[in-house]
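Spelled out from the first residue to the last, the chains are:
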Amino acid sequence: MNANRIVVKLGVTIFSLFLVVLFPMGFVINQIFSGFYYSQVQKQIEQLASRYAAEISASTSSMTVTMIEMMSAFADVKSLVVDAEGQIVANSGVSWRPLNSLIPKEEMNRLASAKAVQIEMVDPVSQERFVASGQPIVSEGRFYGAVYVLSSVDVIDRSLQKVRGSLILSGVGAFFLALGLIFVLSRKLSEPLVRMEKATRRIAKGELDTRVDIPSNDEIGSLAKAINDLAVDLQRYRDTRSEFFSNISHDLRTPMTNLEGYANVLREGLYESEEEKHKYLDIIHDESKRLTHLIQDLFELSKMEEGKISLQMEWIDLTEVVELAIRKVEPKAKHKKLVIRADMPQQVPFVYADGQRMQQVFMNLLDNAIRYTESGSILVEIRQAGPGKIATAVEDTGIGIPEEELPWVFERFYRVEKSRSREHGGTGLGLAIVKQLVEMQGGTVQVSSVPGKGTRFEIILPIGGDSP
Ligand code: ADP
């Protein structure tokens, strides 16, 4: 049996506890009982001996001693009466102290000074043990002798034996009860753990639809739930990863094919005029730009998702950031005859954010607005949105996004119309980058759109930090 199993560990712990508790407890109970019995008997014989001594000292009759012998027989004790010299004058059943023999001198001295004696005696023949109490007989200040009362401790030993027997019996009973308890408990504990171990191994092998069914509400139940959640997460991760790779390979292959094709045309001289040659060179130029753009976006996004990007947080003026972004995209807007308007109050509170990254956010939104708008205008807004918040928006009068597509536009590689986005030079990563950057700075981004009328992206940023 493996010593590391829960059953073994639990068993050893419970049994050790058992030994630590049960043995001292048994010992203490035994001591209490024996102490109690001995003191009871001692008290009894002490009382009897003083009563007999009092009776003898009060009586003048020679019958008193005979009466005491009889009473001792009734009380199931033995007695001795000694005179002032220590000689035994009456004996009821103390065979090893015959009549006329002398009791030890030191006992006699003690009794003569009117003090009681407590001693233990052993019958030399039967080896029976006795406790004895000797009380002096004193009358009117004169010492006449003493009375000894003896009680066998065999009775006590027998009673104690019984108590010890019951103690051992209950100890053995408790031992077997604990054994059963350990068995039930360890099965209850280890069985779900074994099931979870098997499930986790199956998940590790790639069987991600594996689930553990443990409905309990305790720690084991929450561990099972955590394993199930992990399996769900892994499955989702695997699905998105394969989708991501198929998207990447498609997006990389298209410009590569174009590059290869047109480069070939040029190399083979398969053009009829200089004008045609320039057209092909333009295509090669655009495609390589798009490829660089795509690789850059991918690199950025993966760095962000892995948390490897660090923000340069500082107090920034959002109006400046927006104006800079507008200036950079203006040529593209002019090319499509689109007007970019900015609606910003004179005084906008500074926000604690990364200026470069916020510029990238606005450039992505403005690029999209220009890309998906054929005529009309683009509006950039900044306003205070409640205490501690600034709202910014980029709104266009473009083609719009159907309502059912809105929840997905922030997903990596999601495109409302696949071919159109590529046609426009989009990578499908712009909005995913916007969302990541905004959320990293504690903000939120939302989209609303009416197909055919236009789209509005709204970003809410916390002013953040301590007031500037
Ligand atoms: P892309 O590089 O393809 O533009 P984005 O992640 O920036 O990728 O956007 C995802 C998709 O959302 C786009 O393909 C496009 O269909 C849609 N979209 C984004 N911005 C706009 C907009 N202003 N108007 C209409 N559709 C938009």
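These numbers come from a predicted model, not from an experiment.

Chemist: Honestly, the overall build of the protein chain in this entry has me stumped. Any pointers?
Modeler: Helices and strands together make up the secondary structure of the protein chain, namely ten helices and twelve strands. Taken over the C-alpha trace, the protein chain has a radius of gyration of 52 Å; the compact-globule value for 468 residues is 23 Å, which it surpasses by more than 25%. Each of the 468 residues in the protein chain was classed as buried or not, and the buried ones make up 38%. Considering only contacts within the protein chain whose residues lie at least 6 apart along the sequence, 62% involve residues at least 24 apart. On the protein chain, roughly 27900 Å² of surface is accessible, and the fraction owed to carbon and sulfur atoms is 57%. Seen as two clouds, the 53 positive and the 60 negative side-chain charges of the protein chain have centres 3 Å apart.

Chemist: What am I meant to see in the sheet that holds strand 9 (residues 377-384) here?
Modeler: Whether parallel or antiparallel, the strands of a sheet pair through hydrogen bonds between backbone atoms. Here five strands make up an open sheet; going across it, the order is 7-9-10-12-11 and the pairing mixed. Each end of this open sheet is capped by a strand with a single partner; those strands are strand 7 (339-343) and strand 11 (444-450). Each strand of the sheet is rotated relative to its neighbour by a mean of 15°, with strand direction disregarded. In this structure, strand 11 lies alongside strand 12 (residues 454-462), joined through seven bridges in antiparallel fashion.

Chemist: Just to check I follow, could you spell out the pairing of strand 3 (residues 117-122) for this structure?
Modeler: Two faces, one strand: in a regular strand the side chains alternate between the faces of the sheet. By the alternation rule, side chains of strand 3 split into V117, I119 and M121, which are all buried, and Q118, E120 and V122, of which none is buried. Pairing between strand 3 and strand 4 (residues 129-139): six bridges, direction antiparallel. Looking across to strand 4, one finds that V122 is bridged to R129.

Chemist: Help me out: how do you make sense of the pairing of strand 11 in this one?
Modeler: Burial along strand 11 is one-sided: V445, V447 and S449 are buried, and none of T444, Q446, S448 and V450, which face the opposite way, are. The turn linking strand 11 back onto strand 12 is made up of three residues, and G452 within it adopts a positive phi angle of 85°.

Chemist: What exactly am I supposed to notice about the packing of helix 1 (residues 6-58) against helix 4 (residues 154-204) here?
Modeler: For any two helices packed against each other, one specifies the crossing angle of their axes together with the interaxial distance. In the contact formed by helix 1 and helix 4, the axes pass within 10 Å of each other and the chain directions differ by 165°. One finds that helix 1 runs roughly antiparallel with respect to helix 4. Regarding helix 1 and helix 4, the two cross each other, and that crossing is right-handed. Of the residues assigned to the contact of helix 1 with helix 4, the class counts are 24 nonpolar, eight polar and two charged.

Chemist: Please clarify how helix 3 (residues 105-112) should be interpreted in this entry.
Modeler: Because the α-helix completes a turn every 3.6 residues, residues three or four places apart line up on one side. Among the residues of helix 3, E107, M108 and L111 are the ones counted as buried. Around the axis of helix 3, the buried residues are gathered within 100° of arc, so they sit on the same side. Helix 3 presents K105 and E106 as exposed residues on the side facing more than 90 degrees away from its buried surface. Against the buried residues of helix 3 lie strand 1 (78-83), strand 3, strand 4 and strand 5 (142-152). Phi turns positive, to about 65°, at A114, one or two residues after helix 3.

Reading guide: rules and limits
- Residues numbered from 1 in each chain as written.
- Predicted model: local features only at pLDDT ≥ 70, side-chain atom pairs only at ≥ 80, totals over all residues.
- Heavy atoms only, no water.
- Helix = DSSP H or I, 4+ residues; strand = E, 2+ residues; numbered from the N terminus.
- Rg over C-alpha atoms; globule rule 2.2 N^0.38 Å.
- Buried < 20%, exposed > 50% of the residue type's maximum accessible area, 1.4 Å probe, protein only.
- Contact = heavy atoms within 4.5 Å.
- Areas by Shrake-Rupley, 256 points an atom, 1.4 Å probe, with all protein chains shown as cover.
- Lys, Arg positive; Asp, Glu negative; His and termini not counted.
- Charge placed at Lys NZ, Arg CZ, Asp CG, Glu CD.
- Pairing = 2+ DSSP bridges.
- Axes fitted to C-alpha atoms, helices over the stretch in contact; angles between N-to-C directions.
- Parallel < 35°, antiparallel > 145°, perpendicular 65-115°, else oblique.
- Left-handed = near helix turned anticlockwise from the far one by under 90°.
- Nonpolar A, V, L, I, M, F, W, Y, C, P; charged D, E, K, R; others polar.
- Arc of directions from axis to C-beta.

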